[in-house]
Amino acid sequence: MIAHQLSIFAENKPGKLAAVTSVLAKAKVSIRATTIATADTFGVINLIVDDPEAAQAALTKAGMMVKLRPVLAVLIDDKPGGLDRLTQLLHKEGINVNNAYGFVLESREKAVFVVDVDLMEKAEKLVEKNGFRTLDTDALSTIEPFHYMKY
Amino acid sequence: MMILKGVNIFPIQIEKKLMDIPGVGRNFVILLEREGFNDLMHIRVEVERGYFSGELRHLEALRRRIVEELRSDILITPKVDLVEPDSLPKTEGKAVRVIDNREK
């Protein structure tokens, strides 16, 4: 299954991230994971949110340049070697990862690793064939990250 | 016309070159600065909304292309920054924006 990541163009200067989070807060959009890639004076803010389309509409209305990009959100084990199993598989099949980041769903149990790859469909089929579960946007928005009660 | 490092440059040359590059938006600003004994040209260019793919490498490729095309045309290597659409003052007709911050 394919999930969607919001990518937002931002100049590299104070207040840009705050402007994004302020719009999302008002639109009642919840952020699951985020990364920022910067090239000197500008960059791209990547977000996994519970409602990507509502977020895109709200950010576009606020004048921002936003794109919804397909990504693979792969469920992995939150234990040593959990991520390695996935990356070795992608490496073996020659799939290049352009961007990736992860977040814990349930401590020491499950984590989600988000990958942005060139060969999206090939990668999707490959990981599913090898026993990984991929999450789509609906699945990502209904899961409850991090069970604090276990601490 | 402006003179930079002894080279005469017409803003319209820069405008023409920029507008031919896919991904360049409507507006831009040319800033002239002096660093030590060096004149620097710094251009802030709006990105066209439809060009944005969400990938940083495409933006970086656009920035590099702007630098290369201008260097081959005006013989000066500008510093180029990409900015959001509609974030710069509108360029209307012939009024190309040049801001000269060099000490006279």
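Look above for the structure.
Residues numbered from 1 in each chain as written. Chains lettered and ligands numbered in written order. Predicted model: local features only at pLDDT ≥ 70, side-chain atom pairs only at ≥ 80, totals over all residues. Heavy atoms only, no water.

**Some thoughts on the nonpolar core**
Working step 1: Counting 30 residues, the largest nonpolar core has Ile14, Leu18, Met41, Val45, Leu59, Ile66 and Leu82 of chain B as its most contacted members.
Working step 2: Looking at this core, the elements that each hand over two or more residues are strand 3 (42-49) of chain A together with strand 1 (2-4), helix 1 (11-19), strand 3 (24-35), strand 4 (38-47), helix 2 (56-74) and strand 5 (79-83) of chain B.
Working step 3: Sort the elements by how many residues they give to this core and helix 2 of chain B lands first, with seven residues.
Working step 4: When residues no more than four places from it in sequence are discounted, the contact partners of Ile66 of chain B are Leu18, Ile21, Val24, Val45, Val80 and Leu82 of chain B.
Working step 5: Grouped together as the second largest cluster of nonpolar side chains are 16 residues, Val74, Ile76, Val117 and Phe132 of chain A included. (Core = buried A, V, L, I, M, F, W, Y, C linked by side-chain atoms within 4.5 Å. Buried < 20%, exposed > 50% of the residue type's maximum accessible area, 1.4 Å probe, protein only. Helix = DSSP H or I, 4+ residues; strand = E, 2+ residues; numbered from the N terminus. Contact = heavy atoms within 4.5 Å.)

**A few points about the pairing of strand 5 of chain B**
Residues in a regular strand point their side chains to alternate faces of the sheet.
All names here are of chain B.
Working step 1: Counting buried residues along strand 5, four of its five residues qualify, which places the element largely inside the surrounding structure.
Working step 2: Pairing geometry for strand 4 and strand 5, over five bridges, is parallel. Paired with Val45 across the bridge in strand 5 is Leu82.
Working step 3: The parallel pair strand 4 and strand 5, bridged by helix 2, forms a crossover whose chirality is right-handed. (Pairing = 2+ DSSP bridges. Right-handed = clockwise from strand over helix to strand, strands pointing away.)

**With respect to helix 1 of chain B**
All names here are of chain B.
Working step 1: Taken as a whole, helix 1 has its buried residues at Pro11, Ile14, Glu15 and Leu18. One side of helix 1 carries all its buried residues, which in axial view fall inside an arc of 100 degrees.
Working step 2: Looking at the buried positions of helix 1, the neighbouring elements they touch are strand 1, strand 2 (7-9), strand 3, strand 4, helix 2 and strand 6 (98-100). (Arc of directions from axis to C-beta.)

**Structural notes on the pattern of salt bridges**
Working step 1: Scanning all chains against the criterion turns up 20 salt bridges over all chains.
Working step 2: When the shortest N-O distance is used, the salt bridge between Arg44 of chain B and Glu11 of chain A registers 3.2 Å. Within this pair, whereas Arg44 of chain B is found in strand 4, its partner Glu11 of chain A is found in strand 1 (residues 3-11), the two belonging to separate chains.
Working step 3: Judged by relative accessible area, which is 21%, Arg44 of chain B ranks as partly exposed.
Working step 4: For Glu11 of chain A, a relative accessible area of 8% corresponds to the buried category.
Working step 5: Ionic pairing is found between Lys79 of chain B and Asp81 of chain B, a salt bridge with its closest N-O pair at 3.2 Å. (Salt bridge = Lys/Arg side-chain N within 4 Å of Asp/Glu carboxyl O.)

Worth remembering: the numbers are spatial, not functional.
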